[in-house]
Amino acid sequence: MGRYAQVLVGYDGTKESELAIRWAVEEARKRRLDLTVCHAWRWPYPISYIDYEGVAIVKRMGRHLLQHGVELAESLAPGLKVHRRLVDGPAAPALLHEGAEGIIVLGSHEREELPVGSSALQVPAHARGPVLVVRAPGTPTDGRVVVGVDDSPGSQAALEFAFEEAALRGWQVEAVSGCWEPGGVAGTEIALFADREKLEQVCGARLQRAVAPWLVKYPQVATRTSLVLEEPRRALLGAAKGADMVVVGARGERGPNLQPLGATAMAMLQMAPCTVAVVHP
């Protein structure tokens, strides 16, 4: 767990970013890491129109906003080492650059239909490390982290992060596999979808194998596995009700013309009722 350099949180003065600071403070405290509060300010007009006095005012407002975020973090955890970063430019690139070697935490301003350019989509898609998108819980939480399991490298990274969080916070882990996705399996396994019993046997064994190493590493973490004959996104959304966090691997493909987030991760960021962690392999 010491492989992360810091916890970095984006702050813009909104209620959602205050929730993100509260989560980030606890994350840093539990992991014994420094916390960095980052605010990205921007001159809101075209570059062809620069009012230097106006730019100075906007920057000063950003500095005051950042100070407020730092003071909030320090008040929540006296003794925690808190750094500040004031960056000129769009929020997503700033968070990706400043948080490259750590855990990034940010708030989600929208409940549904996040815009393509939203930081809550762009940062999880392109980050190197885990990204936590904090969503205000819609129901009381029950001390549980839900993690999506399949046979991808991202799934193993998600399991590792989920068990870390559970061990640090005294939570339970529920490992969920939604196995009804004919379009997402190898051609040799398509026949399984004609035999429900066989499908459950094969997918259930795969789920147990994926979870087994983490049960050995974290014997103190109460764990249960759930095999659900539904699409992965539906299975995870169902399990996430009442949970504190849902963790998914970024199963998409990296590249200029490729989708870096898979459909399940996108669905969680759009619709999950709790904080979402996206972890890259």
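Rules behind the numbers
Within each chain, residue numbers correspond to sequence positions counted from 1 in written order. Confidence filtering applies because this is a predicted model: local features only for residues at pLDDT of at least 70, side-chain atom pairs given and counted only at 80 or more, and all residues used for totals across whole chains, interfaces and linings. As a rule here, side-chain values cover all heavy atoms of the structure and leave hydrogens and water aside. Comment: axis = line fitted to C-alpha atoms, over the contacting stretch for helices; angle = value between 0 and 180 degrees taken between N-to-C directions. Starting at the N terminus, helices and strands are each numbered in turn, a helix being any DSSP run of H or I of at least four residues and a strand any DSSP run of E of at least two. In this scheme, a crossing is called left-handed if the near helix is turned counterclockwise away from the far one by less than a right angle; it is called right-handed if the turn is clockwise. We call two residues in contact whenever any of their non-hydrogen atoms come within 4.5 Å of each other. For this scheme, ten residues count as nonpolar: Ala, Val, Leu, Ile, Met, Phe, Trp, Tyr, Cys and Pro. Four count as charged, namely Asp, Glu, Lys and Arg, and the remainder, Gly too, count as polar. Remark: exposure states derive from per-residue accessible area (1.4 Å probe, protein chains only) relative to the maximum for the residue type, with buried under 20%, exposed over 50%, and partly exposed in between. As used in this structure description, the phrase polar contact means that two N or O atoms lie within 3.5 Å; if the pair is within protein, one of them must be able to donate a hydrogen and the other to accept it, and residues adjacent in sequence are counted only when both atoms belong to side chains. Strand pairing is assigned whenever DSSP detects at least two bridges linking the two strands. Place the viewer so that the strands point away; then a crossover is right-handed whenever the path from the first strand over the helix to the second strand goes clockwise. Here is the rule: rings of Phe, Tyr and Trp (six-membered ring for Trp) pair when centre to centre is within 6.5 Å. Planes less than 30 degrees apart are stacked, more than 60 are edge-to-face, and the remainder are tilted. By definition, a salt bridge exists where a carboxyl oxygen of Asp or Glu is found within 4 Å of a side-chain nitrogen of Lys or Arg. Residue types Ala, Val, Leu, Ile, Met, Phe, Trp, Tyr and Cys, when buried and joined through side-chain atoms within 4.5 Å, form a set referred to as a nonpolar core. All the domain ranges listed were derived from an automatic or database domain assignment. One fewer than the residue count of a helix, multiplied by 1.5 Å, yields its expected span. Throughout, bend refers to the angle between the axes fitted to the seven residues that end at a position and the seven residues that start at it.

The protein is annotated in an unreviewed UniProt entry as UspA domain protein from Thermomonospora curvata.

J.: How would you sum up the packing of helix α4 (residues 119–126) against helix α8 (residues 263–271)? Please name residues and give values.
T.: Two numbers describe how α4 lies on α8: the axes approach to 11 Å, and their chain directions differ by 145°. Like other packed secondary-structure pairs, α4 and α8 cross with a definite hand, here right-handed. Between α4 and α8, the contacting residues are Ala120, Leu121 and Pro124 on the first element and Met266, Leu269 and Gln270 on the second. Taken together, the residues of the contact of α4 with α8 break down into five nonpolar, one polar and no charged.

J.: Give me the environment of His83: which residues, what numbers.
T.: Here His83 is to be found in strand β3 (residues 82–88). Excluding residues that lie within four positions of it along the chain, His83 makes contacts with Asp34, Leu35, Thr36, Val37 and Val70.

J.: Explain the side chain of Arg169 to me, using residue names and the numbers behind them.
T.: Tracing the backbone through its elements, the reader meets Arg169 in helix α5 (residues 153–169). We classify Arg169 as buried; its relative accessible area is 18%. Of the polar contacts made by the side chain of Arg169, one reaches the side chain of Glu165; its length is 2.9 Å.

J.: Give a detailed account of the pairing of strand β6 (residues 144–148), specifying residues and quantitative values.
T.: Within β6, five of the five residues are buried, which leaves it mostly tucked inside the rest of the structure. Alternating residues of β6 divide into Arg144, Val146 and Gly148 and Val145 and Val147, and every residue in both groups is buried. The sheet contact formed by β6 and strand β7 (residues 172–178) spans five bridges and is parallel. Each residue of the ladder has a partner; that of Val145, found in β7, is Val173. Taken together, β6, α5 and β7 form a β-α-β motif whose crossover is right-handed.

J.: Kindly report on the packing of aromatic side chains, identifying the contributing residues and their values.
T.: Each aromatic ring pair is characterised by the separation of its centres together with the angle its planes make. With the rule as written, the count across this model stands at two aromatic pairs. Where Phe163 meets Tyr218, the ring centres are 5.9 Å apart and the plane angle is 25°; that geometry is what we call stacked. Of the two residues, Phe163 sits in helix α5 while Tyr218 sits in the loop between α6 (196–217) and β8 (223–228), which places them 55 residues apart along the sequence. The exposure class of Phe163 is buried, given its relative accessible area of 0%.

J.: Let's hear about the pattern of salt bridges: which residues, and what values?
T.: If the charged atoms of two oppositely charged side chains come close together, the side chains can form a pair. Here the structure, examined in full by the defined rule, presents 15 salt bridges. Note that Arg85 and Glu98 form a salt bridge whose closest N and O atoms lie 3.4 Å from each other. A residue pair is termed long-range when its members are at least 10 positions apart, and Arg85 in strand β3 and Glu98 in helix α3 (residues 91–98) qualify at 13 residues. Exposure remark for Arg85: the relative accessible area of 36% places this residue in the partly exposed category. Residue Glu98 is classed as partly exposed on the basis of its relative accessible area of 23%.

J.: Hey, could you go over the nonpolar core for me, with residue numbers and the actual values?
T.: Counting 47 residues, the largest nonpolar core has Leu35, Val37, Val105, Phe161, Met245 and Val247 as the members making the most contacts within it. When residues of this core are assigned to their parent elements, the largest contribution, seven residues, is made by α5. A domain split of this core shows at least three residues from each of domain 1 (1–135) and domain 2 (137–280). Setting aside residues no more than four positions away along its own chain, Val105 makes contact with Val7, Leu8, Val9, Gly10, Ala20, Trp23, Ala24, Leu132 and Val134. Residues Ile104, Leu236, Leu261 and Ala272 belong to the second largest nonpolar core, which totals 35 residues.

J.: Give a detailed account of α6, specifying residues and quantitative values.
T.: In a regular helix each residue adds 1.5 Å, so 22 residues correspond to 32 Å; α6 covers 32 Å between its end C-alpha atoms and thus fits that length. At Val211, α6 shows its largest bend, some 35°, and a proline, Pro213, comes one to four positions later. Within the sequence span of α6, burial applies to Leu199, Cys203, Gly204, Leu207, Ala210, Val211 and Trp214. Its buried side turned inward, α6 meets α5, β7 and β8.

J.: Account for unusual backbone geometry, with residues named and values stated.
T.: The backbone of Arg32 sits at a positive phi, close to 55°, despite the residue not being glycine. Positionally, Arg32 belongs in the loop between α1 (15–31) and β2 (35–41). By relative accessible area, which is 79% here, Arg32 ends up exposed.

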